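Residue-level listing of the chains:
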Amino acid sequence: MGLGNRSNREITLEEVQQHGKLSLKKWLIIDNSVYDVTEWQNRHPGGRRLLAHHTGQDATEAFTAFHLDKQLVTKYLKALCVGHLPAEQQKQSPIVKDMHELRQQAEEMGLFESKLWFYAAHLSHIIVLDILAWLCMWWYGIGWLPYIITTLLLTTAQAQAGWLQHDFGHLSVFQKSRWNHWFHYFVIGGIKAASAHWWNYRHFQHHAKPNMVAKDPDVDMPYLFLLGDKLPKIWGAKQKGFMPYNYQAKYFFFLGPPLVLPVLFHIVNITYVFKRKVWTDIAWTVVYFTRLFWMFTPLLGAWGTFWMYMLVRY
């Protein structure tokens with residue numbers, strides 16, 4: 001049975017598949033119930049694209065993975081239910097059945113229960129690393145050795161903050177989504193100067209359709225790299241692009257890391273928050289840079305602080 005009030009209408013899987021991405025009406029399946037998300041897609045908290053990736057197909061696994069409070073979401077589903085799959089099409093594949101059993105075992109073992117003391121220690125050590133980085137340069141000066149040590153401490157803090165915000169972003173630390181969101185804003189915005197909404201928008205798509213070209217933003221790097229089987233053929237037919245794509249596996253490590261984090265992510269991040277007017281994320285970014293320049297400008301100057309920031313990002 002589905003999560004919402006179900007219509008008595010039987011809708012076949014073939015009908016649902018006709019209401020996918022290219023259809024005006026958008027349907028998807030959750031627990032054998034069929035839902036019309038045409039009007040809801042623009043209001044979906046996870047973004048329209050994430051929902052569009054699952055229209056015309058069974059979205060049960062994605063729904064289970066992405067929604068912490070199932071009872072809350074059920075209230076919205078009730079009004080969207082338009083029918084259910086016929087009994088003969090409600091069978092689970094062996095691999096899905098095995099995965100459900102594995103998840104149930106993991107839940108019974110408590111593997112999804114977070115340890116708050118661990119996350120408190122994780123956050124604390126990031127803050128300590130930031131303080132030690134500043135103290136090193138303040139006490140020992142701006143020579144090469146303290147500069148390198150400071151940069152390494154800041155880089156370690158940034159890397160650790162990346163993993164910490166990842167867990168908050170997945171709503172996997174606290175039982176209440178609200179607390180996860182608040183700490184996510186603080187860590188990714190106040191410590192890493194990035195947008196929580198932008199990260200969710202990209203990362204949820206990545207987990208929904210991992211490594212699928214045109215659906216997973218993490219493998220979408222047009223002009224520099226062409227991934228998958230179809231995209232190189234399409235671009236070749238249109239004579240698009242300017243890179244020697246036959247050698248992209250060789251030049252990836254020379255162009256990928258220097259461009260993705262220090263350049264590309266800054267551009268798409270800033271574009272996203274201003275285009276969508278995400279003032280909360282902008283405010284947290286201002287907090288980060290205010291703190292950074294307040295701490296290091298007296299030691300390195302404004303431009304010196306900026307270039308140290310870019311070095312840490314690299």
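Residues numbered from 1 in each chain as written. Predicted model: local features only at pLDDT ≥ 70, side-chain atom pairs only at ≥ 80, totals over all residues. Heavy atoms only, no water.

### Observations regarding the overall build of the protein chain
Note the cut-off: What counts as a helix is a DSSP run of H or I of at least four residues, what counts as a strand is a run of E of at least two, and both are numbered from the N terminus. The cut-offs for exposure are 20% and 50% of the maximum accessible area for each residue type, with area from a 1.4 Å probe on protein chains only; residues under the lower value are buried, those over the upper are exposed, and the others partly exposed. Whether two residues touch is decided by their heavy atoms; if any such pair falls within 4.5 Å, the residues are in contact. For accessible areas, the Shrake-Rupley method is used with a probe of radius 1.4 Å. Any residue's cover is judged against the shown protein chains and nothing else.
Looking only at helices and strands, the protein chain features twelve helices and three strands. Seen through its C-alpha atoms, the protein chain measures out along the principal axes to roughly 75 × 55 × 35 Å. A buried classification covers 39% of the 314 residues belonging to the protein chain. Here the contacts in the protein chain between residues at least 6 apart in sequence split such that 63% fall between residues at least 24 apart. Accessible surface, the protein chain: about 19,500 Å² in total, of which carbon and sulfur atoms supply 64%.

### Description of the packing of helix α7 (residues 144-169) against helix α8 (residues 177-191)
We apply this condition: Angular values range over 0 to 180 degrees, each being the angle between N-to-C directions of two axes fitted as lines to C-alpha atoms, with helices fitted over their stretch in contact. Note on angle classes: values under 35 degrees are labelled roughly parallel, values over 145 roughly antiparallel, values of 65 to 115 roughly perpendicular, and the remainder oblique. Crossings are classed by handedness, with left-handed meaning an anticlockwise turn of the near helix from the far one by less than a right angle and right-handed meaning a clockwise turn.
The interhelical angle for the contact between α7 and α8, taken along N-to-C directions, is 155°, at an axis separation of 8 Å. Considering their axes alone, α7 and α8 lie roughly antiparallel with respect to each other. Considering the relative orientation of α7 and α8, their crossing is left-handed. Only Asn 180, Phe 183, His 184, Val 187, Ile 188 and Ile 191 of α8 make contact with α7, whose side of the interface consists of Gln 158, Ala 161, Leu 164, Gln 165, Phe 168 and Gly 169.

### Quick word on the sheet that holds strand β3 (residues 81-84)
As a reminder, the rule being used: Two strands form a pair only when DSSP identifies at least two bridges running between them.
Sheet architecture is open: three strands sit in the order β1-β2-β3, paired in antiparallel fashion. Lying at the two open borders of the sheet, with one neighbouring strand each, are β1 (27-30) and β3. Averaged over all neighbouring strand pairs, the angle between strand axes comes to 30°, with direction disregarded. Alignment of strand β2 (residues 33-36) against β3, held across three bridges, turns out to be antiparallel. In the strand pairing of β3, Tyr 35 is matched with Cys 81.

### What about the pairing of β1?
The alternating pattern of β1 places Trp 27 and Ile 29 on one face and Leu 28 and Ile 30 on the opposite face, and all of these are buried. Relative to β2, β1 is paired through four bridges, and the arrangement is antiparallel. Residue pairing in the sheet places Ile 30 in a bridge with Ser 33 of β2. Linking β1 to β2, which pair antiparallel, is a turn of two residues; within it Asp 31 sits at a positive phi near 50°.

### Focus: the packing of aromatic side chains
Keep this limit in mind: Here a pair means two rings of Phe, Tyr or Trp (six-membered ring of Trp) with centres within 6.5 Å. Their orientation is stacked below 30 degrees between planes, edge-to-face above 60, and tilted elsewhere.
Tallied over the full model, the rule gives 24 aromatic pairs. Look at Phe 252 and Phe 253: their rings are 5.2 Å apart centre to centre, the planes differ by 85°, and that puts the pair in the edge-to-face class. We classify Phe 253 as exposed; its relative accessible area is 63%. Through a chain of ring-to-ring contacts, the aromatic side chains of Trp 117, Phe 118, Tyr 119, Phe 168, Phe 174, Trp 179, Trp 182 and Phe 183 assemble into a single cluster.

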